[in-house]
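# Survey of secondary and tertiary structure
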Amino acid sequence: MAILIDGKQLAIDVRTRIKEATAKLPRRPGLAVILVGEDPASQVYVRNKEKDCIHCGFAGQTFRMEDCSEEELLALIERLNKNENIDGILVQLPLPAHINERRILEAIDPDKDVDAFHPANVGRMVVGKPVLLPCTPAGVMEMFHAYGIDLAGKHCVVVGRSNIVGKPMGLLMLREDATVTFCHSKTPDLAACTREADVLVVAAGRQGLISADMVKEGAVVIDVAMNRDPETGKFTGDVLFDEVEKKASYITPVPGGVGPMTRAILMQNVYAAARHHMGLDTEEE
Ligand code: GUN
């Protein structure tokens, strides 16, 4: 039976550390969150970010807009880029269809890009010395570290190749000397790949995709997905938890696994950005 990786508790530990460290800073770190439109899931995510900011002792500010033009949004970002009390800027995705997402994300000052979606931050992650890391993959790395899971020489298989999770996940594991394979919707025999994994990270967004017969005995299984079960309305991952936990050595639950860690790393990024803006050493390097 697998050991359950408790993302909820780990996230509490991370936030507690940040809160204590923040109390020693010369000023409060500031996070600006921009929400455009009425997407219900985004509303929940943004409220959670507001709560997390309060918890960590940050000055959080949310800009809620029913609708706006791309130019208006760019003007707001420009203002926030120049505001010295704002350390982090986060534009909640998805944006309405008439706004060019790439153009918006690339307008954010890379030093304030706490999602780490800007190409400058992606590049820094690839070549080393990043200050800001993409929240979900960095949250998974924190789980490996906290549970003493050493990736060096391990075969790590990532299912999914999104810019937000799959691609950066593989790169972060590569940085820790893993051998990394990426699988995706065009991989002809997914099960043959996943069965080879010492560490399997699944971020496909397809409920029930990974069954026990696709997992090697003793593998570490990380489920990044957050699917809403159409029958029960409950959140579920991509991994069939009940059968896979009998075979894995470590496994993350959904909910209560990767999700809370993503939120915690966002706060860590705001803290790191603030230290950087204050001219203090960054701890991540
Ligand atoms: N929407 C869903 N996940 C995310 C995320 O990690 N960052 C942003 N900005 N929007 C999201």
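This report concerns the structure included in the present document. Given the structure is predicted, the values throughout are model-derived calculations rather than measurements. (Residues numbered from 1 in each chain as written. Predicted model: local features only at pLDDT ≥ 70, side-chain atom pairs only at ≥ 80, totals over all residues. Heavy atoms only, no water.)

## Notes on the site of the ligand
In the vicinity of the ligand, the contacting residues are L90, V91, Q92, L93, D115 and F117. Here a nitrogen atom of the ligand sits 3.2 Å away from a polar atom, N or O, in the side chain of Q92. A distance of 2.6 Å separates a nitrogen atom of the ligand from a polar side-chain atom of D115. Burial of the ligand by the protein chains amounts to 76% of its free accessible area of 280 Å². When each cavity is represented as a set of grid points, the ligand is found to reside in the largest pocket. A breakdown of the residues in the shell around the ligand according to their chemical character gives 4 nonpolar, 1 polar and 1 charged. (Near = heavy atom within 4 Å. Polar contact = N/O pair within 3.5 Å; in protein donor to acceptor, adjacent residues only side chain to side chain. Areas by Shrake-Rupley, 256 points an atom, 1.4 Å probe, with all protein chains shown as cover. 1 Å grid on protein atoms, 1.4 Å probe; cavity = no way out; pocket = protein on both sides within 12 Å on 5 of 7 lines; lining within 4 Å. Sits in = over half its atoms within 2 Å of the grid points. Nonpolar A, V, L, I, M, F, W, Y, C, P; charged D, E, K, R; others polar.)

## Describing the packing of aromatic side chains
Applying the stated criterion to the full structure yields 1 aromatic pair. Pairing Y147 with Y250 gives two aromatic rings, centres 6.2 Å apart and planes at 80 degrees, and the pair type is edge-to-face. Taken as a pair, Y147 in the loop between α6 (135-146) and β5 (155-159) and Y250 in strand β11 (residues 250-251) lie far apart in primary sequence, 103 residues in all. The ring of F235 has R228 lying over it, and the distance from NZ or CZ to the ring centre is 4.4 Å. (Phe/Tyr/Trp six-rings, centres within 6.5 Å; stacked < 30°, edge-to-face > 60°. Helix = DSSP H or I, 4+ residues; strand = E, 2+ residues; numbered from the N terminus. Lys NZ or Arg CZ within 6 Å of the ring centre and 35° of its normal.)

## Overview of the pattern of salt bridges
Enumeration over the complete set of coordinates arrives at 11 salt bridges. The residue R263 makes a salt bridge to D52 at a minimum N-O spacing of 2.9 Å. You can see R263 sitting in helix α10 (residues 258-277) and its partner D52 sitting in helix α2 (residues 40-56), a full 211 residues away along the chain. Relative accessible area serves as the criterion here: at 29%, R263 is assigned to the partly exposed category. Three or more residues joined by partner-sharing salt bridges are found here, namely R15, D52 and R263. (Salt bridge = Lys/Arg side-chain N within 4 Å of Asp/Glu carboxyl O. Buried < 20%, exposed > 50% of the residue type's maximum accessible area, 1.4 Å probe, protein only.)

## Structural notes on the side chain of N81
Its location among the elements puts N81 in helix α3 (residues 70-82). Look at N81 and you get buried, because its relative accessible area is 15%. In terms of polar contacts, N81 uses its side chain to reach the backbone amide nitrogen of D109, at 3.0 Å. Those residues within four positions of N81 in sequence are excluded, and the remaining contacts are I89, A107, I108, D109 and K112. (Contact = heavy atoms within 4.5 Å.)

## Some points on helix α7 (residues 166-175)
Restricting attention to buried positions, one finds in α7 the residues G166, P168, M169, G170, L172 and M173. Looking at the buried residues of α7, the elements they touch are α5 (119-127), α6, β5, β6 (179-183) and β7 (199-202). Where α7 ends, the next residue or the one after it, D177, has phi of about 70 degrees, a positive value.

## Thoughts on the sheet that holds strand β2 (residues 30-36)
Spatial strand order, β3-β2-β4: 3 strands in an open sheet with parallel pairing. Where the open sheet ends on each side, the last strands, each with one partner, are β3 (59-65) and β4 (88-91). When strand polarity is set aside, the average angle formed by the axes of neighbouring strands in this sheet is 15 degrees. Relative to β3, β2 runs parallel, the two sharing 7 bridges. Pairing of A32 across the sheet is with Q61, part of β3. (Pairing = 2+ DSSP bridges. Axes fitted to C-alpha atoms, helices over the stretch in contact; angles between N-to-C directions.)

## Digging into unusual backbone geometry
The omega torsion across L93 and P94 is 5 degrees, close enough to zero to call that bond cis. Mapped onto the fold, P94 is located in the loop between β4 and α4 (101-107). Cis geometry marks the peptide bond from V254 to P255; its omega dihedral reads -5 degrees. With respect to the secondary-structure elements, P255 resides in the loop between β11 and α10. At A116, a position not held by glycine, the phi torsion is positive, near 60 degrees. Along the polypeptide, A116 turns up in the loop between α4 and α5.

## Concerning α3
For α3, with 13 residues, the first-to-last C-alpha span of 19 Å sits near the 18 Å given by 1.5 Å per residue. Of all the residues in α3, the buried ones are E70, L73, L74, L76, I77, L80 and N81. Considered in projection along α3, the buried side chains sweep an arc of 160 degrees and stay on one side of the axis. Set apart from the buried face of α3 by more than 90 degrees, the exposed residues are E72, R79 and K82. Contacts made by the buried residues of α3 are with β2, β3, β4 and α4. (Expected span 1.5 Å × (residues − 1). Arc of directions from axis to C-beta.)

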